[in-house]
Amino acid sequence: MIVVSAKDLTKAYGTDVILDKISFHINKGERVGIVGVNGAGKTTLLKMLTGQLPCESGEFFISGNTQIGYLEQDGGFDSEKTLIEEVDSIFSCFPQMEKEMEEMLAVIEKTHDERLLEKYDAMHEKFREMGGYTYKSEITGILSSMAFTESSFDKKISTLSGGERTRLALACLLLRKPDILFLDEPTNHLDIGTLKWLEQYLKSYKGTIVLVSHDRYFLDQTVNRIFEVDNHKLNIYEGNYTFYAAERRKRREAEMRAYEKQKKEIDRQEEMIRRFKQRGTEKLAKRAASREKRLSAMEIIERPDGQHSRMKLSFKENFQSGKDVIFAEELSKSFGYGSSRKDLFSGVELDIKRGERVCIVGANGTGKTTLLRMLMGELSCSTGRIKIGHNVQFGYYDQGQQLLNGANTVIDELHDAYRLYTETELRNVLGRFLFRGEDVFLQVSSLSGGEKARLSLLKLMMSGANVLVLDEPTNHLDIESKEVFEEALLDFPGTCIIVSHDRYFLNRIPTRILELTPDGMENYLGTYDYYIEKKQQQIHSGKKYLEDMAAGSEGKEEPEDRLSSAEKRRMQKAKEAEERRLERQKKALEEEIEALETDIKVLEQKVCLEENMTDHEKLAAISEALTGKRAALDEAYDRWLQLQE
């Protein structure tokens, strides 16, 4: 059943066309992800479908009696109510229904009116079906999942931060359960735990979902169709983000091959026509006319739209730091005194070496940003000490872009930081970051989130820092910019310390992940998937330990002093045999690890060879082999560590 359809939708602002004659349909229960570069028109499309913007031409249809819900990008509440009052207002019908049922029941007890009893039964059934008995627990559950504790329920909405208001808006939308959810960047301001909960919730959601997102991992988990807004048009892919990325590349390559093949044939035919005409004979003139006729009837393939202008980013260090970058022990941080004191974390230990890419994860409010500022010396630690290594130069990217001066123009912002550059040099480097022409004279305060992010990254690139400290750097970047940024980090020879909730990013960038908790820091060697696997193992181990503790002394073996001498000798031999077996396994694993590391080194050298860089098929095969070897190496290290324990 089609719930949304559109035909030839067009949106323009003056002569600037945003969307040009796009058509599509969405069936009930489908999950659609809308992707595209910043400014492509994704939010514009959502606003048109929700009636907030008119279209110049075309039409769209939403099936009758369909309730829609819309979460705007960074859109929160503007209310003087408390948090719980705002949420309770969604279910305002239930208290009234309860009151009516109580009044009916009182009359029924006195009059025994059967018709009234039937009416009561019908209302009671409706109350139950609508969730009258479960809505309070549902409110608590969803607010808790959105990181709102019961102590925050009585807070005035006007006192909440922008991120808290956005989370509240999403919670209220989910509690309303509309038939169609329109979500614009729903993952903003959510930590990893909340993201995973939202993914599971949306997977089981019975309605239709249309969402705009730059979170590639989230798109993979939640959608089954991709709408790509590209060059004012809409391209549709029947799959998740990974499917889209692969098919998009194949589609563009096929379109370019078809265009080039036809162009070659047209050039050949035109050359033959020219030669026929040069001969000047009647017979050849007829042949030339025949070929011209066939050529004019040919359906010309237009040249495929080229790749969007991409940000050109590369990080270089002015000088190398020492091998030891940061060492910290027994760090803690608290704010306030006495009864108003708030403890963020304690017992944090850090040892970061040159060249590492360390990603810090943790729930919202654990103090990740505070920890970054402590490491750079902007905040003092309550207890513990921090030692900064030799020649360390920090470069900081703050997630709110508060380090930018909103009163400056773009070019002035850059000139204030780097006064030795000429205006021409600054304009050239700004062009690499997609600030061209009159864009360089835009006021910083008027820039979009993505534009501010690009400007902040440009200032960071020019700093030449050898230790990049990045706080949620992929927020506000579109997918293409994220890919450019990730490649720049992978090529950076210095050290990276990054706070991020972007799981796709966390699967590409870190050499290890640190999880910040109120009680300290947990260290995980590897990327996000490895971190999740280890977390699951810890959970299972904890459950088994509790089960063993609950079992008490049941199943314990006899004390050793009750065994016979022969039994003791047998046990000793078995123990020695087991130790020899483990030693053989360790040796075999160490040899396997050494061989895998050698293979990986050889493959990495092959990737850099010039003849391979231009052969996409060979490069893809080498990349696939390299991925397999790295996965095998991670698995071998896991088995080796288990044997050590």
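Now for a description of the structure that goes with this document. Source: prediction; values computed, not measured. (Residues numbered from 1 in each chain as written. Predicted model: local features only at pLDDT ≥ 70, side-chain atom pairs only at ≥ 80, totals over all residues. Heavy atoms only, no water.)

Topic: the packing of helix H9 (residues 241-279) against helix H10 (residues 282-297)
1) Next: Two elements in contact, H9 and H10, have axes separated by 8 Å at closest approach and are oriented at 155°. With respect to each other, H9 and H10 are oriented roughly antiparallel. The element H9 and its partner H10 pack so that their crossing is left-handed. Here Ile266, Gln269, Glu270, Met272, Ile273, Phe276, Lys277 and Arg279 of H9 come into contact with H10, specifically with Leu284, Arg287, Ala288, Arg291, Glu292 and Leu295.
2) Next: Along the lines of polarity and charge, the residues of the contact of H9 with H10 split into 7 nonpolar, 1 polar and 6 charged. (Axes fitted to C-alpha atoms, helices over the stretch in contact; angles between N-to-C directions. Helix = DSSP H or I, 4+ residues; strand = E, 2+ residues; numbered from the N terminus. Parallel < 35°, antiparallel > 145°, perpendicular 65-115°, else oblique. Left-handed = near helix turned anticlockwise from the far one by under 90°. Contact = heavy atoms within 4.5 Å. Nonpolar A, V, L, I, M, F, W, Y, C, P; charged D, E, K, R; others polar.)

Considering the nonpolar core
In a soluble, globular protein the nonpolar side chains are often hidden away together inside.
1) Next: Leu143, Leu168 and Leu183 are the most contacted members of the largest nonpolar core, which totals 51 residues.
2) Next: The element contributing the most residues to this core is helix H6 (residues 162-176), with 8 residues.
3) Next: Apart from the residues lying within four places of it in its own chain, the contact partners of Leu183 are Leu46, Leu71, Leu170, Leu173, Leu202, Ile209, Val210, Leu211 and Val212.
4) Next: In this structure, Phe315, Tyr397, Leu470 and Leu477 belong to the second largest nonpolar core, which totals 47 residues. (Core = buried A, V, L, I, M, F, W, Y, C linked by side-chain atoms within 4.5 Å. Buried < 20%, exposed > 50% of the residue type's maximum accessible area, 1.4 Å probe, protein only.)

Let's talk about helix H11 (residues 368-375)
1) Next: With 6 of 8 residues buried, H11 is to be regarded as a mostly interior element.
2) Next: Within the span of H11, buried status applies to Lys368, Thr370, Leu371, Leu372, Met374 and Leu375.
3) Next: Looking at the residues trailing H11, positive phi occurs at Gly377, about 85°.

Here's the deal with helix H7 (residues 192-203)
1) Next: An ideal rise of 1.5 Å per residue puts 16 Å on 12 residues; H7 measures up with 17 Å between its terminal C-alpha atoms.
2) Next: Every buried residue of H7 is accounted for by Ile192, Thr194, Leu195, Leu198, Glu199, Tyr201 and Leu202.
3) Next: Structurally, the start of H7 carries an N-cap: the backbone nitrogen of Gly193 is 3.3 Å from a side-chain oxygen of Asp191. (Expected span 1.5 Å × (residues − 1). Polar contact = N/O pair within 3.5 Å; in protein donor to acceptor, adjacent residues only side chain to side chain.)

Some remarks on unusual backbone geometry
Negative phi is the rule for most residues except glycine; trans is the rule for most peptide bonds.
1) Next: Positive phi values are uncommon outside glycine, yet His112 reaches one of about 55°.
2) Next: By the element assignment, His112 lies in the loop between helix H3 (93-111) and helix H4 (114-129).
3) Next: Overall, the relative accessible area of 62% leaves His112 in the exposed class.
4) Next: One non-glycine residue with positive phi stands out, namely His232, at about 75°.

Examining the pairing of strand E7 (residues 208-212)
1) Next: Burial analysis of E7 places 5 of its 5 residues in the buried class, the great majority of the element.
2) Next: Burial along E7 is two-sided: the residues Thr208, Val210 and Val212 and Ile209 and Leu211 are all buried.
3) Next: Sheet topology places strand E3 (residues 31-35) next to E7; 4 bridges connect them, and they run parallel. The residue of E7 that forms the bridge with Ile34 is Val212.
4) Next: Pairing analysis gives 5 bridges linking strand E6 (residues 180-184) to E7, with the strands arranged parallel. Residue pairing across strands places Ile180 opposite Thr208, the latter belonging to E7.
5) Next: Crossover handedness for the path E6 to H7 to E7: right-handed. (Pairing = 2+ DSSP bridges. Right-handed = clockwise from strand over helix to strand, strands pointing away.)

Considerations on the sheet that holds strand E9 (residues 233-237)
1) Next: Reading across from one edge, E5-E6-E7-E3-E8-E9 is the order of the 6 strands in this open sheet, with mixed pairing throughout. Both edges of this open sheet fall to strand E5 (68-71) and E9, since each of them pairs with a single strand only. Shown here is a sheet whose adjacent strand axes are inclined to one another by a mean of 15°, direction ignored.
2) Next: Where H9 meets the sheet, it contacts E3, strand E8 (225-230) and E9, and its direction lies at approximately 115° from that of E9.

Some points on the state of the cysteines
1) Next: Within the structure shown, the criterion is met by 0 disulfides.
2) Next: In this structure Cys496 is not part of a disulfide, and its nearest cysteine sulfur, from Cys359, lies 8.3 Å away.
3) Next: Among the residues examined, Cys496 registers a relative accessible area of 0% and is labelled buried. (Disulfide = S-S within 2.5 Å.)

A few points about the environment of Leu19
1) Next: Tracing the backbone shows Leu19 in strand E2 (residues 16-27).
2) Next: The buried category is assigned to Leu19, whose relative accessible area is 0%.
3) Next: Taking the C-alpha atoms as reference points, Leu19 and Glu451, separated by 432 residues in sequence, lie 21 Å from one another.
4) Next: If we ignore the near neighbours within four places in the chain, the residues touching Leu19 are Leu9, Thr10, Lys11, Ala40, Gly41, Thr44, Leu45, Met48, Val229 and His232.

What about the environment of Arg432?
1) Next: Along the chain, Arg432 turns up in helix H13 (residues 423-432).
2) Next: Arg432 sits 26 residues away from Leu458 along the chain, and the two C-alpha atoms are 9.0 Å apart.
3) Next: Beyond its immediate stretch of four places on either side in the chain, Arg432 contacts Arg310, Met311, Lys312, Leu313, Ser314 and Met461.

Notes on the pairing of strand E1 (residues 2-13)
1) Next: Summarising the sheet, E1 and E2 pair through 8 bridges and their orientation is antiparallel. In the sheet register, Ala12 faces E2, and the bridge partner there is Val17.
2) Next: Counted along the chain from E1 to the antiparallel partner E2, the turn is 2 residues long, and its residue Gly14 has a positive phi close to 65°.
3) Next: Taken together, the 5 bridges between E1 and strand E4 (residues 57-62) define a ladder with antiparallel strand orientation. Each bridged residue has a counterpart across the sheet, and for Lys7 the counterpart in E4 is Glu59.

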